[in-house]
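# Overview (structure and organization)
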Amino acid sequence: MKTPANDSPHTTSTAAPSAVWLAEGQSSQRDMLASLQTLKAQSDTPFSIIASHRHNRPEIFEFADSIYREPSASATDSDEQAMLEPVEPLMPRWQFVLEQAQKNNVKVLLTGRNGIDYEAHREAFNAAGIRLLTGATSVAALEAIDDKFTFMQQCHQHDIPVAEAWRFDNVAELEALLATHGHQPLCVKPVTGIFAQGFWRLDLAKNDGEQYDSFEHLYFTEEKKINTTQFINAYANSVMVRERPIPMLLMPYLSGQEYSIDVVCEYGEVLAAVTRYKTGKIQHIGYEQAVMDVVIPLIKAFGCDGIVSVQTKADDDGQHRVLEINSRPSGGIDYTTHSGVDLTQVGFGYWLGLTDKPKLADIAQQIIPCQVRSIMVSVKIEENASE
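Residues numbered from 1 in each chain as written. Predicted model: local features only at pLDDT ≥ 70, side-chain atom pairs only at ≥ 80, totals over all residues. Heavy atoms only, no water.

### Quick notes on the sheet that holds strand 13 (residues 282-286)
Our working rule: Paired strands, in this sense, are two strands between which DSSP finds at least two bridges. Elements are defined by DSSP. Helices are runs of H or I of four residues or more, strands are runs of E of two residues or more, and each kind is numbered from the N terminus. As a rule, the C-alpha atoms of each element are fitted with a line to give its axis, helices using only the stretch in contact, and angles between N-to-C directions run from 0 to 180 degrees.
With antiparallel pairing, six strands are arranged side by side in an open sheet as 15-14-11-12-13-16. One side of each edge strand has no neighbouring strand; the edge strands of this open sheet are strand 15 (320-326) and strand 16 (370-373). Pairs of neighbouring strands in the sheet enclose a mean axial angle of 30°, with direction left out of account. Looking at chain direction, strand 13 and strand 16 are connected through four bridges and run antiparallel. Each residue of the ladder has a partner; that of His-284, found in strand 16, is Gln-371.

### So, the sheet that holds strand 3 (residues 66-69)
Going by this rule: Residues count as neighbours in contact if any of their non-hydrogen atoms are within 4.5 Å of one another.
Taken in spatial order, the five strands of this open sheet run 3-2-1-4-5, and their pairing is parallel. Each edge of the sheet is formed by a strand with only one pairing partner; in this case those strands are strand 3 and strand 5 (131-133). Each strand of the sheet is rotated relative to its neighbour by a mean of 15°, with strand direction disregarded. Where strand 1 (residues 18-22) lies against strand 2 (residues 47-53), five bridges are found, and the strand directions are parallel. Paired with Leu-22 across the strands is Ala-51, a residue of strand 2. Packing against the sheet, helix 1 (residues 29-42) makes contact with strand 1, strand 2 and strand 4 (106-110), and its axis sits at approximately 170° to strand 2.

### Side note on the environment of Val-263
Mapped onto the elements, Val-263 comes out in strand 11 (residues 258-266). As a C-alpha pair, Val-263 and Val-308 span 45 residues in sequence and 5.3 Å in three-dimensional space. When residues no more than four places from it in sequence are discounted, the contact partners of Val-263 are Val-270, Ala-272, Ala-273, Val-295, Ile-299, Gly-306, Ile-307, Val-308, Val-310 and Leu-343.

### Section: a nonpolar patch on the surface
Quick reminder of the rule: Here, patches come from residues exposed beyond 30% relative accessible area and free of salt bridges, joined within 9 Å for like charges and within 5 Å for nonpolar side chains (Val, Leu, Ile, Met, Phe, Trp, Tyr). Only the protein chains shown count as covering a residue, and every accessible area follows the Shrake-Rupley method with a 1.4 Å probe. The salt bridge definition used is simple: a Lys or Arg side-chain nitrogen within 4 Å of an Asp or Glu carboxyl oxygen. With a 1.4 Å probe rolled over the protein chains alone, any residue whose accessible area is under 20% of its type maximum counts as buried; one over 50% counts as exposed, and the rest are partly exposed.
Taken together, the side chains of Phe-215, Leu-218, Tyr-219 and Phe-220 define a hydrophobic patch exposed on the protein surface, amounting to about 490 Å² of accessible area. Along the chain, Phe-215 turns up in the loop between strand 8 (200-202) and helix 10 (216-219). Exposure remark for Phe-215: the relative accessible area of 47% places this residue in the partly exposed category.

### Examining the pattern of salt bridges
Pairing is possible between side chains of opposite charge, provided their charged atoms come close. Tallied over the full model, the rule gives 15 salt bridges. For Arg-131, the salt bridge is made with Glu-266, and the minimal N-O distance between the two is 3.6 Å. Of this pair, Arg-131 sits in strand 5 while Glu-266 sits in strand 11, placing them 135 residues apart in sequence. In this pair, the class of Arg-131 matches that of Glu-266, namely buried. The shortest N-O distance in the salt bridge between Lys-357 and Glu-269 comes to 2.9 Å. Of the two residues, Lys-357 is situated in the loop between helix 14 (343-351) and helix 15 (360-366) and Glu-269 in strand 12 (residues 269-279); the sequence distance between them amounts to 88 residues. In this structure Glu-269 comes out as partly exposed when scored by relative accessible area, which is 37%. Beyond isolated ion pairs, a larger network of salt bridges with shared partners links Glu-24, Arg-54 and Arg-113.

Below, the structure is given as structure tokens:
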């Protein structure tokens, strides 16, 4: 039964079952909660499932046994408002979650989108007997993962194949980099960001001096291609960039296959993983050893811990190179269920003590390669439901 837990007091009983808590995520919270409900139904050991979010999200909460609204600046705040008009909630999110988790006998907490806030207080969660999953085990590691330039430098230090990148903070630096590296296909993206925000392919080094059409990026928006002169002009004349500087990266555009890898890991050790790549609208699910040969040392180098996702892309020679780590589950983690290996259940089954520690070699053998098409679904919400 769903319970608006923060609207009513909870008492802790010595007989209360253990609980798992999924805090606000980016895009996979609902799917993971559904997987946990399936795991719960199959388990001989009872446990409860808690979900929280700063917004009223009934389509997420319907898969939780208990729900909480996380503290935020307002009930209708957005990422943009939080960025432009920061307002401190009455209680820090991490403190609210910790207090409620202690009342509910929570043993495992996946922090989702706000990992750094929780990671800064790891000792408090450890003291409460809560297995904290933020994607790493230190604020420094999470910050390095989020800063793509720092991340790539650290990959080089560990001899991990990674895409090259050159940082620029103004037009002069961009033009100097283009003069040096403009003999090859290039792309740009922000130092920090998600969901391909700010990523564009430039038209340098195209055959016979061909350029992207000046209207192309406005019409074929999903292609993420822009005329280089237009990009420079837009960047140079942007009021947004002047008022809130956005550090950017200039990078070689890699022409090979891109992979997304969902990873269950513990203190830098890969326990389970599923690789996938996309052609058109189809996701190809499996286990590609050549990709994992890059991912395994990467996870170790950054001490990743929890459920994370990695992106790689092959260069012209077929060498898989790391693009980034996302220190939280990917939006496509539910695709893994079609392969016979549900990574949500693999990870939480272990962390809840329901199963033995997973072994990557065994998991890899269980994966059944398959193809998946994502579809859109809808849910009905009450008329008075608000964000």
